[in-house]
Amino acid sequence: MSQPTNSEDELAGTEQPFVAHLMELRDRLMRAVIAVGIVAAVLFFWPGPGQLYDLLAAPLVAHLPQGATMIATSVISPFMVPLKILLLAAFLVALPVVLYQVWAFIAPGLYSHEKRLVLPLVISSTVLFFMGVAFCYFFVFGQVFSFIQSFAPKSITAAPDIEAYLGFVMTMFLAFGLAFEVPIAVVVLARLEVVTVDKLKSFRGYFVVAAFIVAAIVTPPDVVSQLALAIPMCLLYELGIWAARLFIRHTKAPEDAPDQAA
């Protein structure tokens with residue numbers, strides 16, 4: 001007599017853990033959203049959306065002709081643009097909490113040697129992204145706006161649109177923030193054994209060319225911003241090769257680690 005299939009038995013008990021994971025994911029997302037909301041509420045009252053935009057626009061305003069101001073070509077731009085900046089600032093300030101929720105969700109499913117890899121990468125990627133944004137704001141913006149204004153004819157009075165400026169700032173922040181993640185990408189590729197450290201070293205010349213191509217595409221058509229993006233990418237690539245050696249040495253699985261007795 002043939003035995004009945006056990007397809008239902010094989011799936012028995014799997015619904016509850018899956019639902020439990022979904023509920024935990026929901027709770028983590030809610031905590032992240034609440035953290036962003038709390039920061040946004042605080043920033044709304046102090047310093048306020050208008051002051052946040054003034055802070056963001058300060059590098060450009062400092063290089064405008066005397067008496068010139070930025071303009072709004074849309075009726076709702078004076079309301080929507082500061083609000084978008086408020087939400088952006090709230091997300092950046094609350095980013096450590098958001099990343100912690102991500103880490104707390106995936107950590108129980110990782111081995112101890114994987115945790116030694118992921119947690120430092122989460123922290124370092126956050127720090128590097130903020131460093132890229134800060135480098136863009138405090139150094140690149142001033143040099144780029146000064147360079148651009150030096151080419152403006154005397155018969156033209158610059159009056160940039162606030163919404164166009166927001167789009168420009170978002171693009172530049174994202175470009176420099178991601179560019180500063182080069183060491184993380186190098187470490188992950190090397191640790192996952194997609195490429196070896198020796199291959200990364202031999203690829204150095206190609207990466208320099210690729211860095212300048214990327215800088216020419218994502219930055220304005222001026223030499224200052226292109227060099228300001230390409231040169232740090234090349235330096236960070238070298239940093240990534242050095243960090244890859246260190247991570248591979250200290251995050252090996254127990255079965256992959258060399259025999260200490262030998």
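Residues numbered from 1 in each chain as written. Predicted model: local features only at pLDDT ≥ 70, side-chain atom pairs only at ≥ 80, totals over all residues. Heavy atoms only, no water.

**Here's the deal with the overall build of the chain**
No. 1: When helices and strands are counted, the chain shows eleven helices and zero strands.
No. 2: Each helix and strand of the chain, placed in order from N terminus to C terminus, yields the pattern α-α-α-α-α-α-α-α-α-α-α.
No. 3: Looking at the chain residue by residue over its 262 residues, the buried ones come to 35%.
No. 4: Long-range contacts, defined here as pairs at least 24 residues apart, represent 84% of the contacts in the chain between residues at least 6 apart.
No. 5: Looking at the chain as shown, the accessible area adds up to about 16300 Å², and 70% of this sits on carbon and sulfur atoms. (Helix = DSSP H or I, 4+ residues; strand = E, 2+ residues; numbered from the N terminus. Buried < 20%, exposed > 50% of the residue type's maximum accessible area, 1.4 Å probe, protein only. Contact = heavy atoms within 4.5 Å. Areas by Shrake-Rupley, 256 points an atom, 1.4 Å probe, with all protein chains shown as cover.)

**Some details on the pattern of salt bridges**
No. 1: A full pass over the atoms with the stated rule returns four salt bridges.
No. 2: Two residues, arginine 28 and glutamate 24, come together in a salt bridge whose shortest N-O distance is 3.9 Å. Taken together, the positions of arginine 28 and glutamate 24, both in helix H2 (residues 15-45) and four residues apart, correspond to about one turn of that helix. (Salt bridge = Lys/Arg side-chain N within 4 Å of Asp/Glu carboxyl O.)

**Let's talk about the UniProt feature "transmembrane region" (unreviewed entry) in the chain**
No. 1: Following the UniProt record, the feature "transmembrane region" (unreviewed entry) maps to residues 29-46, 85-106, 118-145, 165-190, 202-221 and 227-248 here.
No. 2: Taken end to end, residues 118-145 is 100% helix and 0% strand, and its first and last C-alpha atoms sit 38 Å apart.
No. 3: Note that residues 227-248 is 100% helix and 0% strand, and that its end C-alpha atoms are spaced 31 Å apart. (UniProt positions renumbered as here; feature names shortened; annotations may be inferred.)

**Brief notes about a nonpolar patch on the surface**
No. 1: Side chains of Phe18, Val19, Leu22, Met23, Leu25 and Leu29 sit close together on the surface and give an oily, nonpolar patch of about 540 Å² of accessible area.
No. 2: Summarising the element assignment, methionine 23 is placed in helix H2.
No. 3: Residue classification places methionine 23 among the partly exposed residues on the basis of a relative accessible area of 41%. (Patch = residues over 30% accessible without salt bridge, like charges linked within 9 Å, V, L, I, M, F, W, Y side chains within 5 Å.)

**So, the layout of surface pockets**
No. 1: Considered as a void within the structure, the largest pocket measures approximately 410 Å³ in volume.
No. 2: Lining the largest pocket are 15 residues; nearest its centre among them are Leu55, Leu56, Ala89, Leu92 and Phe173.
No. 3: Sorting the residues of the lining of the largest pocket by element identifies helix H3 (49-61), helix H4 (77-93) and helix H6 (112-151) as the ones contributing at least two each.
No. 4: Each residue belonging to the lining of the largest pocket can be placed in one class, and the counts come to 15 nonpolar, no polar and no charged. (1 Å grid on protein atoms, 1.4 Å probe; cavity = no way out; pocket = protein on both sides within 12 Å on 5 of 7 lines; lining within 4 Å. Points joined across faces, edges and corners; volume = space filled by probe spheres on them. Nonpolar A, V, L, I, M, F, W, Y, C, P; charged D, E, K, R; others polar.)

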